[in-house]
Structures are given as structure tokens and as C-alpha cells.
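Results of the structural survey
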Amino acid sequence: MTQVYDHGGGVRSIRVPIPDNPLGHTLVHVVDTDRGPVLVDTGWDDPDSWDTLTDGLAACGTAPEEIHGVVITHHHPDHHGLSGRVREASGAWIAMHAADAAIVRRTRATRPETWFAYMADKLAAAGAPEEHVAPLRAARRPGSLPGFSPADPDREIVPGELLDLPGRRLRAIWTPGHTPGHVCLHLEEEHPAGLPGHGRLFSGDHLLPGITPHIGLYEDPDDTTSTDPLGDYLASLERVAALAPAEILPAHQHAFTDAPARVRELLDHHEARLTGLLALLTTPLTPWQLAERMEWNRPWDRIPPGSRTIAVAEAEAHLRRLVKLGRVEAVAGGEGVAYVAV
């Protein structure tokens, strides 16, 4: 049964399922404007997800054909996946931050085998064993990678500016970390229930009530610049806390209040994790070896290969933060680059 929740003030959310994923669903928000409804995110590109979105829009008194625009918090397929189908049905515009739009365009232009080879080389450099890397080297089918042909956005979300939503005040807040172009969207309007604070915040995956979002590495294979996504994320959290919104409307789980308190929990979590990693790095470890020793939501031997790849990226993001802080340095290793505390 399609679940729709009315948040008041012309904002509703639809629980759109994510197939075979423990997250379960994406909360697609429907915002009324003077030119018709606008979606914040769209859900995964899957027939059941599309049917759920369609049914949810009907419950909101509208339909895909009536959507005026789509605002994407970030490029992940559980957020951006159905954008193309919505645009085909309605002619709606699709807006995304330039950094994530660049990833979308690079993905569309990259042959799948090139991407798999790049990922295999990255994992090998991170110390991944051959049994983990070999399937990536052998992968050739475009269908092996969900979201490999995402819709090309046609509008840019500019940080600090109001989006073109007639009758609404929705301001873009750049919150990199989970992805380079992740944005939160600040609805600068009085809370419909009169909750204290400053408007409402569509937080995407940046700020969730009970989940710590993955810190991702999304680098251009031709660009050798070393990024610091965890540092970006922590700084972004501080910006969101300063907004002090009355309510947060995330893309997963449920709406909640007290953004500053949740931000403090996340800052403390990452500080504790960085401290714990320093204790592990008394001897040199590759990112793969570090990920094996880190604490996850299940034992390492029960984590499937795709999730292990994500875990290694998370480990490397934390290593880069420690390197930037001068607490860790890279050393020559026999099986990929290793890191040690200094």
C-alpha cells in the first residue's frame, strides 16, 4: 500500500521503495507551487517504484504529467533514478548542483567497462585482494551498474540562491560530503504547525534521524587532486546546525526536529571514529585492511562485495581527513598504499 504523509503547508511525502536495499524507501517530497507540484527527489528507477510514485501522486491529487519541476538533492539512483521518467511524462525541468551534474554527465559518457577497470585499479591500490577485484575486471554488461544512464539535468542549483518555485521560498544550501554536489533545501516559510525555529529543511541524505550517511569518493579519473570529503561533510553539518530549522524532512526514515542536537551526535560520532582509527594505525595499514578492522553494522565476513567497496571508500575518506590533520601519513607498502599514525 502506498504511504503518503501530509506535512502541512503544501508539502507531502511519498514512500517510494528501493528494491533489495536495507534502506527500504526514499521519501519523495511533493511541494505545491503556483505553477504546479515540484518534486524533491524521485526514487529508484524500477517499475514498482514508478507505480508507487504514480499512486502517491494520485493520492496527493496530482499525476506525473502535472509535475512542474524536479529538484535533486544528489545524484544517487535512489534519489535521481526516476527523474527521466517524470520529465518524459510532464516536460518538467530537472535541477541539480553543478558538481553532481558533472558526475552524471561523466557517467553517461563513460563506457561501463572503462568504469569497472577504473574501480578495479582503485581497489587494488587500496589493498583489496584479487578475489574482490577480479569480478570488476571481468564485468562488461552495462546492466551490471544501476543508474549508468541517469537523466541529464537541465537546470543548475546555485548555492545560496532561491530556486524558481513560484509562490515558495526554497533556498539551496550546499552540503558536500555524501556527494560533492549534495544540497539541502531550506523552505524559508513559517512552520505550518508553529514549531519554533527557522522554516523547514529538506535534508536529502545529509542529515538523517538515525543513520550516519556514507561519505563518498567521486573523483574524475583524469584529475589527481586529493579531496577531503569527510572534512567537507563536517563543515557542512555546522552550516546546517546554524540554520536551526524548525523541522527536518529527510529522504529516508522520518521527519524530526532539533537539527543542532543531531548535528552534534554526528560530529561526536566522527570524532570518536577518527580517534579509534588512530589506535588501529599504530602499524601501517592499507585502506582495505583498515576497513576490515573498522566497526560496521555487521561483521566483515557478512558484508557483501558491493558494500565492502563502499566501506573501503569510507575508510579512505577518514584516512584523508587524518592526513590533512597531520595525524597520519602514507608509507610505501607491498600491497597498495598504506597509512600509519604519526
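See the structure shown above.
Read on for a plain summary of the structure. All figures in this text were calculated on a predicted structure; none of them were measured in a lab.

Inspection of every chain in the model, using the stated rule, returns 1 cavity of 30 Å³ or more. A volume near 30 Å³ is recorded for the largest cavity. Around the largest cavity, the lining residues are Leu27, His29, Val40, Asp41, Thr73, Phe202, Ser203, Gly204, Leu249, Pro250 and Ala251. No other element matches strand 10 (residues 200-204), which puts 3 residues into the lining of the largest cavity. The residue makeup of the lining of the largest cavity, split by class, is 6 nonpolar, 4 polar and 1 charged.

With respect to the helices, strands and loops of the structure, proline 77 is situated in helix 2 (residues 77-80). For the pair formed by proline 77 and aspartate 41, sequence separation is 36 residues and the distance between their alpha carbons is 9.8 Å.

Let us look at the pattern of salt bridges. Taken as a whole and judged by the stated rule, the model has 13 salt bridges. Arginine 264 serves as the salt-bridge partner of aspartate 268, at 3.4 Å between the closest nitrogen and oxygen. Linking aspartate 268 with arginine 264, this pair stays in helix 8 (residues 259-280), spanning 4 residues, or about one helical turn. Looking at aspartate 268, the relative accessible area reads 42%, which means it is partly exposed. When the shortest N-O distance is used, the salt bridge between arginine 320 and glutamate 316 registers 3.1 Å. In this pair, arginine 320 and glutamate 316 both sit in helix 10 (residues 305-324), 4 residues apart, roughly one turn of the helix. Of the two residues, arginine 320 and glutamate 316, both sit in the buried class.

One broad rule of soluble globular proteins: the nonpolar side chains tend to lie buried together. One finds Leu207, Leu237, Leu281 and Leu290 to be the most contacted residues of the largest nonpolar core, which totals 47 residues. Only helix 5 (112-125), helix 6 (130-138), helix 7 (229-243), helix 8, helix 9 (287-293) and helix 10 provide two or more residues apiece to this core. Leucine 281 has contacts with Leu290, Leu319, Leu322, Val328, Tyr339, Val340 and Ala341, leaving out every residue within four places of it along the chain. Residues Val16, Val28, Ala92 and Ala101 belong to the second largest nonpolar core, which totals 20 residues.

This part takes up the sheet that holds strand 7 (residues 155-157). Ordered in space as 1-2-3-4-5-6-7, the 7 strands form an open sheet in which the pairing is mixed. Both edges of this open sheet fall to strand 1 (4-6) and strand 7, since each of them pairs with a single strand only. Across this sheet, the average inter-strand angle for adjacent strands is 25°, counted without regard to direction. Relative to strand 4 (residues 38-40), strand 3 (residues 25-31) runs antiparallel, the two being bridged by 3 bridges. Each residue of the ladder has a partner; that of valine 30, found in strand 4, is leucine 39. Seen against the sheet, helix 1 (residues 47-59) touches strand 1, strand 2 (11-17), strand 3 and strand 4 and runs at an angle of roughly 155° to strand 2.

All right, on to the sheet that holds strand 10 then. Pairing between the strands of a sheet is mediated by backbone hydrogen bonds and can be parallel or antiparallel. With respect to topology, 4 strands assemble into an open sheet ordered 8-9-10-11, the strand pairing being mixed. With partners counted over all chains shown, the strands left at the sheet margins are strand 8 (170-174) and strand 11 (247-250), one partner each. The mean inter-strand angle of the sheet, taken between neighbouring strand axes irrespective of direction, is 25°. Where helix 7 meets the sheet, it contacts strand 8, strand 9 (183-187) and strand 10, and its direction lies at approximately 150° from that of strand 8.

Moving on, we get to the side chain of threonine 175. With respect to the secondary-structure elements, threonine 175 resides in the loop between strand 8 and strand 9. A distance of 3.5 Å separates a polar atom in the side chain of threonine 175 from the backbone nitrogen of cysteine 184. In this structure threonine 175 touches His182, Val183, Cys184, His206, Ser236, Arg239 and Val240, once residues within four positions along its chain are discounted.

What follows covers the packing of helix 5 against helix 10. It is at 11 Å that the axes of helix 5 and helix 10 come closest, and there the two elements cross at 55°. Considering their axes alone, helix 5 and helix 10 lie oblique with respect to each other. The handedness of the crossing between helix 5 and helix 10 comes out as left-handed. Every residue of helix 10 that contacts helix 5 at Met119, Lys122 and Leu123 is listed here: Thr309, Val312, Glu316 and Arg320. Split by residue class, the contact of helix 5 with helix 10 holds 3 nonpolar, 1 polar and 3 charged.

Looking now at the environment of threonine 212. Along the chain, threonine 212 turns up in the loop between strand 10 and helix 7. In this structure, threonine 212 is in contact with Arg262, Leu266, His269 and His270, ignoring residues within four places of it in sequence.

Right, let's get into the packing of aromatic side chains. Taken as a whole and judged by the stated rule, the model has 1 aromatic pair. A centroid spacing of 5.4 Å and a plane angle of 90° characterise the contact between tryptophan 288 and tryptophan 300, whose relative ring orientation is edge-to-face. Here tryptophan 288, found in helix 9, pairs with tryptophan 300, found in the loop between helix 9 and helix 10; they are 12 residues apart in sequence, far enough to count as distant. Comparing tryptophan 288 with tryptophan 300 shows no difference in burial state: the two are buried. Directly above the ring of tryptophan 296 sits arginine 273, whose terminal nitrogen or CZ lies 4.6 Å from the centroid.

Cut-offs used in this document
- Residues numbered from 1 in each chain as written.
- Predicted model: local features only at pLDDT ≥ 70, side-chain atom pairs only at ≥ 80, totals over all residues.
- Heavy atoms only, no water.
- 1 Å grid on protein atoms, 1.4 Å probe; cavity = no way out; pocket = protein on both sides within 12 Å on 5 of 7 lines; lining within 4 Å.
- Points joined across faces, edges and corners; volume = space filled by probe spheres on them.
- Helix = DSSP H or I, 4+ residues; strand = E, 2+ residues; numbered from the N terminus.
- Nonpolar A, V, L, I, M, F, W, Y, C, P; charged D, E, K, R; others polar.
- Salt bridge = Lys/Arg side-chain N within 4 Å of Asp/Glu carboxyl O.
- Buried < 20%, exposed > 50% of the residue type's maximum accessible area, 1.4 Å probe, protein only.
- Core = buried A, V, L, I, M, F, W, Y, C linked by side-chain atoms within 4.5 Å.
- Contact = heavy atoms within 4.5 Å.
- Pairing = 2+ DSSP bridges.
- Axes fitted to C-alpha atoms, helices over the stretch in contact; angles between N-to-C directions.
- Polar contact = N/O pair within 3.5 Å; in protein donor to acceptor, adjacent residues only side chain to side chain.
- Parallel < 35°, antiparallel > 145°, perpendicular 65-115°, else oblique.
- Left-handed = near helix turned anticlockwise from the far one by under 90°.
- Phe/Tyr/Trp six-rings, centres within 6.5 Å; stacked < 30°, edge-to-face > 60°.
- Lys NZ or Arg CZ within 6 Å of the ring centre and 35° of its normal.

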